[in-house]
Amino acid sequence: MASSISGDRADVSGVSAQAYVQTLMPVLSAVTAQIDGPIQDAADLMTTSLRANGVIQAFGSGHSEALAMEIAGRAGGLIASNRIALRDLVLLGGEPPELLRSAELERDPAYSRKLYELSAAQPGDLFVIASNSGVNGSIVELASVVKEKGHPLIAITSMQHTSGMDSRHPSGKKLIDFADVVLDNHAPFGDSVLDLPDGGGKVCAVSSITAALIAQMLVAEVLRRMTEAGETPPVYLSANIPGGDEHNHALEARYEGRIRRTA
């Protein structure tokens, strides 16, 4: 018989689905505790940008790309959103495909300015950048370019992890040093939360889950502001329901050339 997670509190030591969920719960509580503070500040910036015909530009490298996918181009989300990805350098920027085979690409600041240019950002756009460590070169360099160009910047990171790392950017700065608002994903140092036996390391990461939660809280707060003001926010319907494609394509046309829906 399956055991109840919410019933008796099982031993959370070791590795199991139940141990993971029980360990995750306080992490999620810590993330949601930001609702009355930085979540509101970030939602204010996003709403201001959207009302000024801005686009929400979202970027994350590695597994943090999940955050960008959660914000840009998904059912129930904002039409005025664009996902920036390292593969844009090849798909849109003419770089050779071999570039994407480099395991060091996300640590290399050399291509971030080109990434910004490929985003086709306009002055009213806002950027959301996610990085669990917040120290890799591509992330920090893009953040510096974003602020150089005058855009608001929301950073999503693990404060525990970034506080325990030196920057890998030549400036010595981190993502949080450029952000207007910092949202803590509350992942532990190294991201994973369960201990393997005999000191075999930690497993089962949390940052993708907490980043998705943060993204949806932000969208919900933006939509609350707009609907309470009597505005009709441009949001996606699922493409897998009748009329979804027609609805979405009509709204996407307002932002032609500014939002991409690549693989």
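Quick summary incoming for the structure in this document. Every value quoted in this text rests on a predicted model; they were computed, and no experiment measured them.

Section: the pairing of strand E6 (residues 192-195)
With three bridges joining them, E6 and strand E7 (residues 202-205) adopt antiparallel strand pairing. Bridge pairing links Leu-194 to Val-203 in E7.

What to know about the sheet that holds strand E1 (residues 56-60)
Here five strands make up an open sheet; going across it, the order is E2-E1-E3-E4-E5 and the pairing parallel. Of all the strands in the sheet, just strand E2 (81-84) and strand E5 (181-184) have a single pairing partner and so form its edges. Strand after strand, the sheet turns through a mean of 20° between neighbouring axes, direction not considered. Pairing between strand E3 (residues 126-130) and strand E4 (residues 153-157): four bridges, direction parallel. In the strand pairing of E4, Val-128 is matched with Ile-154.

Quick look at the nonpolar core
Grouped burial of nonpolar side chains is what soluble globular proteins tend to show. The biggest cluster of nonpolar side chains holds 35 residues, and the ones touching the most others in it are Met-46, Ile-56, Leu-67, Val-128, Ile-154, Leu-183 and Ile-214. Counting only elements with at least two residues in this core, the list comes to helix H2 (38-51), E1, helix H3 (65-71), E3, E4, E5 and helix H8 (207-228). Residue contributions to this core peak at nine residues, all from H8. Every residue in contact with Leu-183, bar those within four places of it in the chain, is listed here: Gln-34, Pro-38, Ile-39, Ala-42, Ile-154, Ala-155, Ile-156, Thr-157, Ile-214 and Leu-218. Judged by nonpolar contacts, the second largest core, of 22 residues, contains Ile-84, Leu-86, Leu-105 and Ala-155.

Some words on the pattern of salt bridges
Applying the stated rule across the entire model yields 17 salt bridges. Notably, a salt bridge pairs Lys-114 with Glu-95, separated by 2.9 Å at the nearest N-O pair. Here Glu-95 lies in the loop between helix H4 (88-91) and helix H5 (112-118) and Lys-114 lies in helix H5, a separation of 19 residues in the sequence. Residue Asp-180 is joined to Lys-147 by a salt bridge in which the shortest nitrogen-to-oxygen separation is 2.7 Å. Here Asp-180, found in the loop between helix H7 (159-163) and E5, pairs with Lys-147, found in helix H6 (residues 137-148); they are 33 residues apart in sequence, far enough to count as distant. Each of Asp-44, Glu-221, Arg-224, Arg-225 and Glu-228 takes part in a single network of salt bridges with overlapping partners.

Calculation criteria
All residue numbers refer to positions counted from 1 along the written sequence of the respective chain. In keeping with the model being predicted, local features are shown solely for residues with a pLDDT of at least 70 and side-chain atom pairs are shown and tallied solely at 80 or more, while totals for entire chains, interfaces and linings include all residues. Here the side-chain values reflect all heavy atoms present in the structure, with hydrogen atoms and water set aside. If DSSP finds at least two bridges between two strands, the strands pair. The numbering of helices and of strands both runs from the N terminus, where a helix is a DSSP run of H or I of at least 4 residues and a strand a run of E of at least 2. Axis definition: a line fit to C-alpha positions, over the contact stretch in the case of helices; interaxial angles, taken between N-to-C directions, run 0 to 180 degrees. Only buried residues count toward a nonpolar core, which is a set of Ala, Val, Leu, Ile, Met, Phe, Trp, Tyr and Cys residues joined through side-chain atoms within 4.5 Å. For every residue, the accessible area (1.4 Å probe, protein chains only) is compared with the maximum for its type, and the residue is labelled buried under 20%, exposed over 50%, or partly exposed between those bounds. Note on definitions: a residue-residue contact is assigned when non-hydrogen atoms from the two residues lie within 4.5 Å. For this document, the term salt bridge refers to a Lys or Arg side-chain nitrogen within 4 Å of an Asp or Glu carboxyl oxygen.

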